[in-house]
Amino acid sequence: MHYDELLRLAKSRRTIRVLRPDPVPMEDLEKALEVARWAPSGFNMQPAEFLVLTDPEKRAAVKRIIDDWIEDDFYVLEATREAWQGPAWTLEDRGRVACPAAPVYILIVGDTRRKAGLPMNARFCRQKGESIFETSLADAFAYLWLGLESVGLGAQPVSAVKNDRPQALIKQYLGLPEFIYPYEMLAVGYSGLEEGPPAKLMRHLDEIVHVDGSGEGMFLSDDEVRKQIRKLRMGNVARHAPSE
Ligand SMILES: Cc1cc2nc3c(=O)[nH]c(=O)nc-3n(C[C@H](O)[C@H](O)[C@H](O)COP(=O)(O)O)c2cc1C
């Protein structure tokens, strides 16, 4: 693959929060999952497994678990935002925040038993072991998302699965063993957006790359970071369409 194609793929992968209910061909899902299979993992432990939920009853049950948590906890915690952070998500944003009714959910889970294959320094240093495990799952998640994009499928992450209550209830509902860790979920389907997602604000390369740099001056000041957080966040909630 050439650089230009890779960059185009990286740029075209977006979060699609409006997904059509139309069914998705299993062979396209398999192609995307095949990309995810090749993701790097710490010490090649390959902890990621993918639970593909196509059964409407199973999807509805998972969606209910997530939406209940959003209703009970998410908005309550959002209300604790500090003023500088900008407006909190409220019930009015429900359509964007709720778990989308997509034709497929892919739950990315990690098999915690595989941590036993890490070198001893990572095995006995909890923080390092966890970090390698989580990063390996993150890589599988990113590869999967790019794979989905490459076959023309849209996806929205549903990170709520990682909170205690949804995690426990999803594990119980799907009968997952104790050693399985629900890491992330992608709701998958064809995009229902008429014009594609709004352009997104990205930090510039010269702001984030520091060749032979040193010292605090390489980084934005506290105030600049706060301003940027607010700006990026407002771009993300897209109450107004941000420019490139
Ligand atoms: C680890 C991770 C978790 C995310 N969780 C959610 C989520 O729970 N709900 C959601 O709507 N978007 C979620 N997103 C999407 C981000 O908001 C999105 O990637 C970001 O705003 C950049 O937009 P883009 O994906 O269109 O490039 C998540 C993204 C990542 C990488």
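Rules used in this analysis
- Residues numbered from 1 in each chain as written.
- Predicted model: local features only at pLDDT ≥ 70, side-chain atom pairs only at ≥ 80, totals over all residues.
- Helix = DSSP H or I, 4+ residues; strand = E, 2+ residues; numbered from the N terminus.
- Rg over C-alpha atoms; globule rule 2.2 N^0.38 Å.
- Buried ≥ 20, exposed ≤ 12 C-beta atoms within 10 Å, placed from the backbone.
- Axes fitted to C-alpha atoms, helices over the stretch in contact; angles between N-to-C directions.
- Left-handed = near helix turned anticlockwise from the far one by under 90°.
- Contact = placed C-beta atoms within 7 Å.
- Nonpolar A, V, L, I, M, F, W, Y, C, P; charged D, E, K, R; others polar.
- Domains from an automatic or database assignment.
- Core = buried A, V, L, I, M, F, W, Y, C linked by C-beta atoms within 7 Å.
- Bend = angle between axes of the 7 residues up to and from the residue.
- Pairing = 2+ DSSP bridges.

1. Examining the overall build of the protein
Helices and strands together make up the secondary structure of the protein, namely nine helices and four strands. Taken from the N to the C terminus, the helices and strands of the protein come in the order α-α-β-α-α-β-α-α-β-α-β-α-α. The C-alpha atoms of the protein give 19 Å as radius of gyration, which agrees with the globular expectation for 244 residues (18 Å, within 12%). Principal axes of the C-alpha set define a box for the protein whose edges measure 50 × 50 × 45 Å. Out of the 244 residues belonging to the protein, those deemed buried represent 24%.

2. Overview of unusual backbone geometry
The backbone phi angle of Phe43 is positive, close to 55 degrees, even though this residue is not glycine. Here Gln46, not a glycine, exhibits a phi torsion of approximately 45 degrees, which is positive. Looking at the element boundaries, Gln46 is found in the loop between α2 (26-37) and β1 (48-53).

3. Overview of the packing of α2 against helix α6 (residues 126-150)
Running from N to C, α2 and α6 point in directions that differ by 145 degrees, and their axes come no closer than 7 Å. Read as a crossing pair, α2 and α6 show a hand that is right-handed. From α2, Lys31, Ala32, Leu33, Val35 and Ala36 reach across to α6, where they touch Ala140, Tyr143, Leu144, Leu146, Gly147 and Leu148. Here the residues of the contact of α2 with α6 are counted per class, giving nine nonpolar, one polar and one charged.

4. So, the domain arrangement of the protein
When its domains are assigned, the protein resolves into domain 1 (3-197) and domain 2 (199-244). Domain 1 and domain 2 are separated by 25 Å when their C-alpha centres are compared.

5. Focus: the nonpolar core
Within the largest apolar cluster, 42 residues are counted, with the highest numbers of intra-cluster contacts made by Tyr105, Ile106, Ile108, Leu144, Met185, Ala187 and Val188. Within the residue set of this core, elements represented by two or more residues are α2, β1, α3 (56-78), β2 (104-111), α6 and β4 (180-189). Considering each element in turn, this core owes the most residues, nine residues, to α6. Apart from residues no more than four positions distant in its own chain, Ile106 is found in contact with Phe50, Val52, Leu144, Met185, Leu186 and Val188.

6. What to know about α3
A maximum bend of about 40 degrees is found in α3 at Ile70. Taken residue by residue, α3 has Val62, Ile65, Ile66 and Ile70 as its buried positions.

7. Things to note about the sheet that holds β1
Strands sit in the order β1-β2-β4-β3 across an open sheet of four strands; the sheet is antiparallel. Each edge of the open sheet carries a strand with a single partner, namely β1 and β3 (154-157). For this sheet, the mean angle separating the axes of adjacent strands, direction not counted, is 30 degrees. By the bridge criterion, eight bridges tie β2 to β4 in an arrangement that is antiparallel. From the neighbouring strand, Ile106 faces β4, where its bridge partner is Leu186.

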